Structure formats: structure tokens, C-alpha cells
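Structure assessment
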Amino acid sequence: MTNPYRRISRVTMLLFGGIIFLSTFSDSRAESRWYDQALVEKGKSLFLQNCASCHGLDASGTADWKKTDANGNFPPPPLNGTGHAWHHSISVFKTTIRQGGIRLGGTMPPFEAILNDSDMDAIISFFQSKWSDEIYEGWERRYPSTETQSMAPAEESNSQPDTQAAEMTALLKQRLGGQNISPPVESPIDGIYYVSFGTKFGYLIEDGRYLLMGNLIDLKNGINLTERELGKAVVTELGKVALSDRIIYPAFGEEKAILSVFTDTSCPYCQKMHLELPKLQEAGISVHYLPYPRGSTQGPGYQSLRQVWCAKDRANAMTIAKRNRGKASAKLPAGDCPGADMVDRGYQIGNKVGVTGTPSLFKSNGEKIIGYVPYKDLIPRVVGNL
Ligand code: HEC
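First, a word on scope: everything that follows refers to the structure included in this document.

Definitions and limits used
- Residues numbered from 1 in each chain as written.
- Predicted model: local features only at pLDDT ≥ 70, side-chain atom pairs only at ≥ 80, totals over all residues.
- Heavy atoms only, no water.
- Helix = DSSP H or I, 4+ residues; strand = E, 2+ residues; numbered from the N terminus.
- Buried < 20%, exposed > 50% of the residue type's maximum accessible area, 1.4 Å probe, protein only.
- Contact = heavy atoms within 4.5 Å.
- Areas by Shrake-Rupley, 256 points an atom, 1.4 Å probe, with all protein chains shown as cover.
- Near = heavy atom within 4 Å.
- Polar contact = N/O pair within 3.5 Å; in protein donor to acceptor, adjacent residues only side chain to side chain.
- Pairing = 2+ DSSP bridges.
- Axes fitted to C-alpha atoms, helices over the stretch in contact; angles between N-to-C directions.
- Donors = N, O, S within 2.8 Å, 3.2 Å for Na, K, Ca; no water.
- Tetrahedral: all angles 85-135°; square planar, octahedral: opposite > 155°, others 65-115°.
- Parallel < 35°, antiparallel > 145°, perpendicular 65-115°, else oblique.
- Left-handed = near helix turned anticlockwise from the far one by under 90°.
- Nonpolar A, V, L, I, M, F, W, Y, C, P; charged D, E, K, R; others polar.
- Disulfide = S-S within 2.5 Å.
- Core = buried A, V, L, I, M, F, W, Y, C linked by side-chain atoms within 4.5 Å.
- Phe/Tyr/Trp six-rings, centres within 6.5 Å; stacked < 30°, edge-to-face > 60°.
- Lys NZ or Arg CZ within 6 Å of the ring centre and 35° of its normal.

This paragraph deals with the overall build of the chain. Helix and strand content of the chain: 16 helices and 13 strands. Out of the 386 residues in the chain, the part that is buried amounts to 49%. At a minimum sequence separation of 6, the contacts of the chain that also span at least 24 residues come to 66%. A total of about 19,500 Å² of accessible surface is found on the chain, and carbon and sulfur atoms cover 53% of it.

So this is what it looks like as C-alpha cells:
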């Protein structure tokens, strides 16, 4: 059986989530190409029935297949060798056909209830028959004998981890519609890598053969490693924001903690929280405001946030703007100074760290607290030890 599980239990860690199964394959070796003409014929009719409506009659896909449409979805790519498909092993093809792309954020439907294994062999042989010899040979070099590869002990299959992980990343990229996917990074567990896309983490197991989505928890030490990694990414991102770009309400007396708050002048709960800032300051919490205009440049608070970031006394301007419920105020300067660009940047930074609404609060370890929390409940969460 597969050994990742053995390893996991050895280090007392658990991975929660869904396994996306990316490998079961047995290939038959052939002299030139692995299929014969009869299989291609069978594949052709199955392809026309099931795939051609999207991928085209001759598997040529959509011309502009690398560009997402208005909904951020990728169009059906070519399978005829002109696209990226030849980077995939047969097992990856089968997984794609079986499961489709919907579960990974794409739009291709699953065919597992419609096509059996030999149907899929036939279909794959059909679109591979469109491949030039050059493409086919490149693919064959990449996957010389997938069968022996999948039976090989983990140590030996380590020879290709980078290609495999890179391939996985490419596949994920295509399926996840252009989201920002990190290169694979080693996790604390042998042979397991993690990749992040946006603010989600996934774990690649066995050189990228499996992808596991969910939380990695160190039971021995009681730490959610996924959350900790996410927190680190947030800390790095927030650390890039200069102090002069934030509006800081310093702790009264000794500073026990810093709380970063993405805020919008037009948001009622931000206005409510603003009135409670002195309570937080009294408790030793320095509050660092970052602008997050809900609705971006079209948002109701956008102009007034710009006004605030142009004011000499921003802390006071924020109070005025929030009292004015985010409407542009004659009491404040126009929002056209260079400093106001921070409002646009704040929006981008917020999106990077997973802000979807305001207020969004981040402790200095990167832990996120979503939404308004009354100061009495908030203080212990921020100054308490984790
Ligand atoms: C409703 C449209 C639709 C149908 C039907 C469809 N596909 Fe797809 N296919 C897509 C889209 C769109 C993608 C890109 C990933 C995504 O969005 O899910 C894709 C991706 C793929 C990929 C990955 C290609 C690569 O370069 O990584 C393969 C392989 C594939 N399809 C094969 C098939 C086969 C075989 C069939 C028929 C059994 C089929 N598709 C039916 C829309 C479709």
C-alpha cells in the first residue's frame, strides 16, 4: 500500500480534507505509440459524443485558451498537442476526465459516471493521434514507463519531484482559474510539499501524485500548522507596509500587542469599532489602521478614505470621516495627494491576506479575527497568550 500514511502516523500528524486522487495507471508498452487504430476509432466516436462540444471536433480547443473569460474561467484548452496537455501523464488525463475541473474551480464536468477505464483509454488515444511525432516523443520521454514509476519505492521515484510538482502546479493553475499558486515548499513531513493559492493551502504528497486540501495539524504539540503557515504569509505581507502608511493609535502606557485593522469609513461596524479604540488603547493594544475600501474604487468609502490619507492629522481625520459615515467631507482635504495611493494599495494588500469585508483584524502572529468584536471580548483575544 501507499507509504505516505505510514509516515504521517509516525510523526503523529493528521491531514484533514479531501484527497484528490491523481494516480492509478497501467500502461501497455508499445513499439511506437501505445495504441492501435481500432482504439483511435472507438475513441473518436466517444470524443465526438462527450468532449467535442467544448474541445472541438478535432480536439483543437479554443484559440485563446490561455486567457480567462469574464468569469475568470479558462476556456476548453486544445488536446491536439498544440496546448499544454502533453505535459500530463495518462493517469493525470484520466483523473481530469473522471473528476472534471469543477471541483477545482474550473468548468469541465466529471465523466466518471459515463466513461469507464477503457473508454478513457480510447479517448486519450484519439486525441493523442492528433499529436505530432515530436510532441508524442517529448511526452514519451517524460513518461517513459508510468507503470514502473508508480510501483517504484518512494526513494527511487524521488528523481523527478521537481518536474512532477511543477506539473501539478501547472495543472492546478489551469484548473483554479489563474489564481496565484506558489511553487511547492517542503512541509515538516518527509515527502510532503505544500502549495498555497490565494489564502488556501494544499499539500502535495508523493512527489505531487496526490493533492490534499485541508488543515495539517501537529497533534503532539497541538498546533494547526496550516493556520500557522497562513499566519506567516500574512505577517510577511503586513510587514511590508511602512508605519507612515498606517494610521496608528498607540497603546496608552506599555504596549502589549499590536492589532492591524483593515477599515472603511463607510462601514457601520468600523464606525462602531472606532468609538471603542480608546478602550483597546487603555488595555495596552496599539491599533494600526489600514484602508480597505469595500467595493474598491467604486466603493462608498473610497473617496473619504483618500481624504483621510491626505490629512495632516490622519487619526483625527478618520474620526471625522467615520462620523460622516464615509461621505466625502468638506472639513477634510481633497483626496488627491500622493499619500492617498495607500488606499488603493490597502485594497490590494487586504485581498492578498484574505480580507473580504471590514473590519478585518489581524493579530501580530497573523491570526485573523473577522468582523466587529465588542472590545470586552476582543481585548482578551488580542492580549491573551495566543
Ligand atoms: C463543458 C465543456 C467541456 C467538456 C464537455 C469537456 N471538457 Fe475538458 N476541459 C474543459 C475546460 C474548460 C478545461 C480547463 C479546466 C477546467 O476549467 O475545468 C478542460 C480541461 C481538460 C483537460 C486538461 C487539459 C490540459 O491541458 O491540462 C483534459 C485532458 C480534458 N479537458 C479532456 C476532456 C475530455 C477527454 C472530455 C470528454 C470526455 C472533456 N474534456 C469534456 C471543458 C470541457
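After that view, the rundown keeps rolling.
The ligand sits among 25 residues. The nearest are Cys51, Cys54, His55, His88 and Met108. The contact in question runs from a nitrogen atom of the ligand to an N or O atom on the side chain of His55, over 2.8 Å. Note that an oxygen atom of the ligand is positioned 2.8 Å from one of the side-chain N or O atoms of His88. Elements with a contribution of two residues or more to the shell around the ligand: α3 (52–55), α4 (90–99) and α9 (161–175). Per element, the largest residue contribution to the shell around the ligand is 3 residues, and it comes from α4.

Next up on the list: the sheet that holds strand β11 (residues 285–291). Across the sheet, 5 strands lie side by side as β9-β11-β10-β12-β13; this open sheet has mixed pairing. Only two strands of the sheet have a single neighbouring strand rather than two, namely β9 (247–249) and β13 (368–370). Pairs of neighbouring strands in the sheet enclose a mean axial angle of 25°, with direction left out of account. Its contacts with the sheet put helix α13 (residues 302–310) on β9, β10 (257–263) and β11, and the angle it makes with β11 is roughly 125°. Sitting on the sheet, helix α15 (residues 341–352) touches β10 and β11, and the angle it makes with β11 is about 105°.

What follows deals with the coordination of the iron atom of the ligand. Four donors placed tetrahedrally about a metal ideally form angles of 109.5 degrees, and six donors placed octahedrally ideally form angles of 90 or 180 degrees. Only His55 (NE2) and Met108 (SD) from the protein coordinate the iron atom of the ligand, and they sit 2.0 to 2.1 Å from it. One way to put it: the 6 donor atoms around the iron atom of the ligand meet at angles of 85 to 180°, and that makes the site octahedral. With His55 in helix α3 and Met108 in the loop between α4 and α5 (117–128), this pair connects stretches of sequence that are 53 residues apart. We classify His55 as buried; its relative accessible area is 10%.

Closest axis-to-axis distance for the helix α11 (residues 268–275)/helix α14 (residues 314–323) pair is 10 Å, and the angle between their directions is 135°. Judged by the angle between their axes, α11 and α14 are oblique. Crossing angle aside, the handedness with which α11 passes α14 is left-handed. Along the contact surface, α11 presents Cys270, Gln271 and His274, while α14 presents Met318, Thr319 and Lys322. Residues of the contact of α11 with α14, tallied by class, amount to 2 nonpolar, 3 polar and 1 charged.

Let's shift gears to the packing of α4 against α5. At a closest axis distance of 10 Å, the pairing of α4 and α5 adopts a crossing angle of 115°. Considered as vectors, α4 and α5 are oriented roughly perpendicular to each other. Remark: the crossing between α4 and α5 carries right-handed chirality. Contact with α4, carried on its side by Ile90, Phe93, Lys94, Ile97 and Arg98, involves Asp117, Met120, Asp121, Ile124, Phe127 and Gln128 of α5 and no other residues of that element. Split into classes, the residues belonging to the contact of α4 with α5 amount to 6 nonpolar, 1 polar and 4 charged.

Below, the discussion takes up unusual backbone geometry. The phi torsion of most residues other than glycine is negative, and most of the peptide bonds are trans. Between Thr358 and the following residue, Pro359, the backbone shows a cis peptide bond with an omega angle of -10°. By the secondary structure assignment, Pro359 is in the loop between α15 and β12 (360–363). The phi dihedral of Arg325 falls on the positive side, at around 55°, and the residue is not glycine. Within the secondary structure layout, Arg325 lies in the loop between α14 and α15.

For the rest of this paragraph, the subject is the state of the cysteines. Going through the model one piece at a time under the given rule, you end up with 2 disulfides. Two residues, Cys267 and Cys270, share a disulfide whose sulfurs are 2.2 Å apart. Handedness of the Cys267-Cys270 disulfide follows from its S-S torsion of about 90°: it is right-handed. Judged on exposure class, the residue Cys267 and its partner Cys270 are both buried. What links to what in the chain: the bonded cysteines, counted in sequence order, pair as 1-2, 3-4.

This part takes up the environment of Val241. Mapped onto the elements, Val241 comes out in the loop between α10 (225–239) and β9. Classification of Val241 as buried rests on a relative accessible area of 4%. Sequence separation between Val241 and Ile349 is 108 residues, and the spatial gap between their C-alpha atoms is 8.9 Å.

Counting residues in hydrophobic clusters, the biggest one holds 40 residues, and the most contacted among them are Phe262 and Leu378. When sequence neighbours within four positions are dropped, the list of residues in contact with Leu378 reads Leu259, Met273, Leu280, Leu361, Ile369 and Val373. Residues Met120, Ile124, Phe127 and Tyr143 belong to the second largest nonpolar core, which totals 25 residues.

Looking now at the packing of aromatic side chains. The tally for this structure, following the rule as stated, stands at 12 aromatic pairs. Through successive ring pairs, a cluster of aromatic residues spans Trp34, Tyr35, Phe93, Phe127, Trp131, Tyr136 and Trp139. If you follow Arg142 out to its NZ or CZ, it ends over the ring of Trp86, 5.8 Å from the centre.

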